[in-house]
Each structure stands twice: as C-alpha cells, then as structure tokens.
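Below are the chains, spelled out letter by letter.
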Amino acid sequence: MEPKTKDLWVFIETYPDGSAQSVGLELLNPGRELAEKQGGKLVGLVIGHNTDAAVKAVQEHGADQVIVIDGEEYEHFTTDAYVNALYEVITKYAPTAMLIGATNNGRDVGPRLSSRLQTGLTADCTKLGYDDETGNIAWTRPAFGGNLMATILCPNHRPELGTVRPGVFKATEAEEGRTCEVIKEDIHVAPEDIRTRLIKEMKEDASEMVDLVGADVIVSGGRGVGGPEGYEPLQELADVLGGVVGASRAAVDAGWIAHSHQVGQTGKTVGPKLYIACGISGAIQHVAGMSSSDCIVAINKDEEAPIFDIADYGVVGDLFAVVPALTAEVKKIKGIA
C-alpha cells in the first residue's frame, strides 16, 4: 500500500471502561521522535467504547491528532472486530507506520493485520530507531532465543508495523488541558461477523500476581539466590524500599519463584526508577527486559559478571551478606525498628 501521508500512528488499546491502557501512552513518546524524523504528524488511534477518557489522555500525552473508532462491539477485544476496524481506517488514511503494544491483544491483532495489509511486522521490539539513509524505522528485537539483538528494516512495503513491549518506554508527563484535532470514524461490524464473544472474565489470583511493569523499585534475584529461600532477604529489602521482587528465567525455570515475577525476554520488560539485580549474571535475555531502568545496582560474587557492564553501581560480594546489610541501612535511614 502506498502511503498517503508521512504520519506515524500509535494504536491505543482501551480497557472496557473506555480508559487508555498505559502501553499506548508509552509509545507516544518514541512515536513523537519518529514522526518528526519522518516529517509527519503523531496520530493516536483509539478503538473502544465510551472512549472519552482515552481520547483525553492521548491529547494530553502529546498526539498531534486523534482518530477514534467507538462502538459497543469494541468494548471487549475481539480479533474480527478490531482487525476490520484497523484495516478500514489504515487503508483510508494510509499512514507510513504504526506502533502497537506487544500485549496479548496486540500480539494477536498485529500479525493478522499485517497479513491483510500485505506488509511486514516486526514483533516484540525492545528498541526503536530511525535509519536516516533509507527513511525506514529501525526495529530492534531479541533474536535466536535472545542470544543477540537484531535490527530489522522494512524497505519495500507500507505501512511499517511493529509490536513493542510494554515498559520499554516511559510515557511523558501529561500536559493537563492540552487538546488536538479529533476525528471520529463511524466503523461498525455486524454481530454475525464476530466469531468470538466474551462469556466470562476470570481474574487471576492476586496472591500469585506482581505488578512489575508499574513498580518504581524492583529487587530481582537470579541463579545466585540458590533456592526459594534465597528470595526471603530480597523480599525484605523490597518491602522496606516499597518495591516488588523480580526474578531471572533461570530461577523461574528452577521452580524457585512464580513466572509472574520473571523479568526478561520471556518475562516482563520493566523500567523502574531502581533495579537491584542480586545473583544475576546479566545474560542478554535478562538485560533485554530491564536495561531501560533509571538506576541499576548489581550485587554479584563474580566481578566478571556481564551485569556489571550495564550497572550504574556494582557491589562484588555475597548477596546474603550485602542484601541484609543494605536492608538494615535503609531501615536505619527510615527510622524503622
């Protein structure tokens, strides 16, 4: 498809209440830079039902234009309804590129949409750039089981599509009261054309869940914790810092901690203010999920561990001596007995 504009779009997923999911707002941040380099507008594409809250959020997070598709059939995600809506609006306006969050729904709709548009899709990206020579977006993602990072260009087909992991980028501060042009598209799907429907929503057990993506502080443990009991001092440190506990794939695979705590290529991508890596070697699979943290502290007995290459602060020592000492010092500063 030949692009009609140089605009860059960001797909804004919504919750059933019509508010915007955070990943779409996060992607408006790199979207701004890419749109400017392409010489086009930054457009937020909102699909959902009763979406006023989402539209307001997209405006306040910096979009130049918002396109809205609102209808009862979009209250809960279905592949048929969303792909149809996306296809119709994209073929009408023909943007140059679109960013999609690599959520469960984004990973569902992205490949289906790219096939219908006969264009490429770079999935599960952890970094975005721009190739000045060709004018293509440089999509970077883990490859070969996460053992290296590949940068992919899509030179021949438009629009360029890519899914980007939640938590890789940080949303800009909302500018209260900011507005921009809003275009409402009247696109609907007949009920008989939607082959799936929501029967029942089942919440996961909260006791087994942890909000890694939203956490400001993560204390993470790897193979060096030695077993399930090794997470006890990490949990204590996380508690006094007001954070949560994370883990590497090795620890999860060993059954020491639940998968909901996993950070990395096959876990969550996070960007907290503080990430403390305890007994984690720093394999690229793990680094891909936490390298955008504001401050990284590494604690490891092996002074040659790769984690020290990306750490802002490194402590060479036994985590079972260092972590309790750190916890005690934080308690002293906070006046906790």
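On a predicted model such as this, the values are computed, not experimentally measured, just so you know.

Scoring rules and cut-offs
Residues numbered from 1 in each chain as written. Predicted model: local features only at pLDDT ≥ 70, side-chain atom pairs only at ≥ 80, totals over all residues. Heavy atoms only, no water. Helix = DSSP H or I, 4+ residues; strand = E, 2+ residues; numbered from the N terminus. Rg over C-alpha atoms; globule rule 2.2 N^0.38 Å. Buried < 20%, exposed > 50% of the residue type's maximum accessible area, 1.4 Å probe, protein only. Areas by Shrake-Rupley, 256 points an atom, 1.4 Å probe, with all protein chains shown as cover. Lys, Arg positive; Asp, Glu negative; His and termini not counted. Charge placed at Lys NZ, Arg CZ, Asp CG, Glu CD. Domains from an automatic or database assignment. Contact = heavy atoms within 4.5 Å. Salt bridge = Lys/Arg side-chain N within 4 Å of Asp/Glu carboxyl O. Polar contact = N/O pair within 3.5 Å; in protein donor to acceptor, adjacent residues only side chain to side chain. Pairing = 2+ DSSP bridges. Axes fitted to C-alpha atoms, helices over the stretch in contact; angles between N-to-C directions. Core = buried A, V, L, I, M, F, W, Y, C linked by side-chain atoms within 4.5 Å. Parallel < 35°, antiparallel > 145°, perpendicular 65-115°, else oblique. Left-handed = near helix turned anticlockwise from the far one by under 90°. Nonpolar A, V, L, I, M, F, W, Y, C, P; charged D, E, K, R; others polar.

### What to know about the overall build of the chain
- Of the regular secondary structure elements, the chain holds nine helices and 15 strands.
- Since a compact globule built from 337 residues should have a radius of gyration of about 20 Å, the 22 Å found for the chain is in line with a globular shape.
- The buried share of the chain, reckoned over its 337 residues, is 52%.
- As displayed, the chain has an accessible area near 15,900 Å², and 49% of this comes from carbon and sulfur atoms.
- Computing the positive centroid from 29 side-chain charges and the negative centroid from 49, the chain places the two 2 Å apart.

### Considering the domain arrangement of the chain
- Taken domain by domain, the chain holds domain 1 (8–193) and domain 2 (206–334).
- Tallying the contact residues gives 13 residues for domain 1 and twelve residues for domain 2.
- Applying the counting rule to domain 1 against domain 2 returns one salt bridge.
- Among the salt bridges present, the one from Lys170 reaches Asp294, with a minimum N-O distance of 3.5 Å.
- The interface formed by domain 1 and domain 2 contains six residue pairs in polar contact (both at pLDDT 80 or more).

### Description of the sheet that holds strand 12 (residues 244–247)
- Overall, parallel pairing links the five strands, which are arranged 12-11-13-14-15 in an open sheet. In this open sheet, the two edge strands, each paired with only one partner strand, are strand 12 and strand 15 (313–316). Direction aside, the axes of adjacent strands within the sheet are offset by 20° on average.
- Contacting strand 11 (217–221), strand 12 and strand 13 (274–278), helix 5 (residues 232–241) crosses the sheet at an angle of about 175° to strand 11.

### Quick word on the side chain of Thr126
- On the secondary structure map, Thr126 appears in the loop between strand 5 (121–125) and strand 6 (127–131).
- Judged by its relative accessible area of 13%, Thr126 is buried.
- Ignoring sequence-local partners within four residues, the contact set of Thr126 consists of Thr140, Arg141, Pro142, Met149, Arg165, Val168 and Ala288.

### What to know about the pattern of salt bridges
- All chains considered together, the criterion is met by 15 salt bridges.
- The partner of Lys56 in a salt bridge is Glu60, and the shortest N-O contact between them spans 2.9 Å. Highlighted residues: Lys56 and Glu60, both in helix 2 (residues 52–60), separated by four residues, approximately one helical turn.
- On the basis of relative accessible area, Lys56 is assigned to the partly exposed category, the value being 41%.
- Using a relative accessible area of 8% as the deciding quantity, one classes Glu60 as buried.
- A salt bridge links Lys331 to Glu236, with the shortest nitrogen-to-oxygen separation between them at 2.9 Å. Separated by 95 residues along the polypeptide, Lys331 in helix 9 (residues 319–334) and Glu236 in helix 5 bring together distant segments of the chain.
- Taken together, the salt bridges that share partners define one network made up of Lys56, Glu60 and Glu176.

### Overview of the environment of Asp211
- Among the secondary structure elements, Asp211 is positioned in the loop between strand 10 (181–185) and strand 11.
- Along the chain, Asp211 and Pro191 lie 20 residues apart, while their C-alpha atoms are 35 Å from each other.
- In terms of polar contacts, Asp211 uses its side chain to reach the backbone amide nitrogen of Gly214, at 3.0 Å.

### Some details on the pairing of strand 3 (residues 65–70)
- Buried residues dominate strand 3, accounting for five of its six residues.
- One ladder, built from six bridges, connects strand 2 (residues 42–48) with strand 3; its direction is parallel. Bridging from a neighbouring strand, Val46 pairs with Val68 of strand 3.
- Sheet analysis places strand 3 next to strand 10, joined by five bridges and oriented parallel. From the neighbouring strand, Ile67 faces strand 10, where its bridge partner is Ile183.

### Some words on the nonpolar core
- Core analysis: the biggest nonpolar cluster contains 30 residues, and Leu8, Val10, Val58 and Val66 have the highest contact counts within it.
- Broken down by secondary-structure element, the contributors of at least two residues to this core are strand 1 (8–12), helix 1 (22–38), strand 2, helix 2, strand 3, strand 4 (97–101), strand 6 and strand 7 (136–143).
- In terms of nonpolar packing, the next biggest core, distinct from the first, is built from 25 residues, Ala81, Val89, Met98 and Leu161 among them.

### Describing the packing of helix 5 against helix 9
- The contact between helix 5 and helix 9 brings their axes to 9 Å, and the two run at 20°. Looking at the two axes, helix 5 sits roughly parallel to helix 9. For the crossing formed where helix 5 meets helix 9, the hand is left-handed. Counting all contacts with helix 5, which are made through Pro233, Leu234, Glu236, Leu237, Val240 and Leu241, the residues of helix 9 involved are Leu319, Phe320, Val323, Leu326, Thr327, Val330, Lys331 and Lys334.
- Taken together, the residues of the contact of helix 5 with helix 9 sort by class into ten nonpolar, one polar and three charged.

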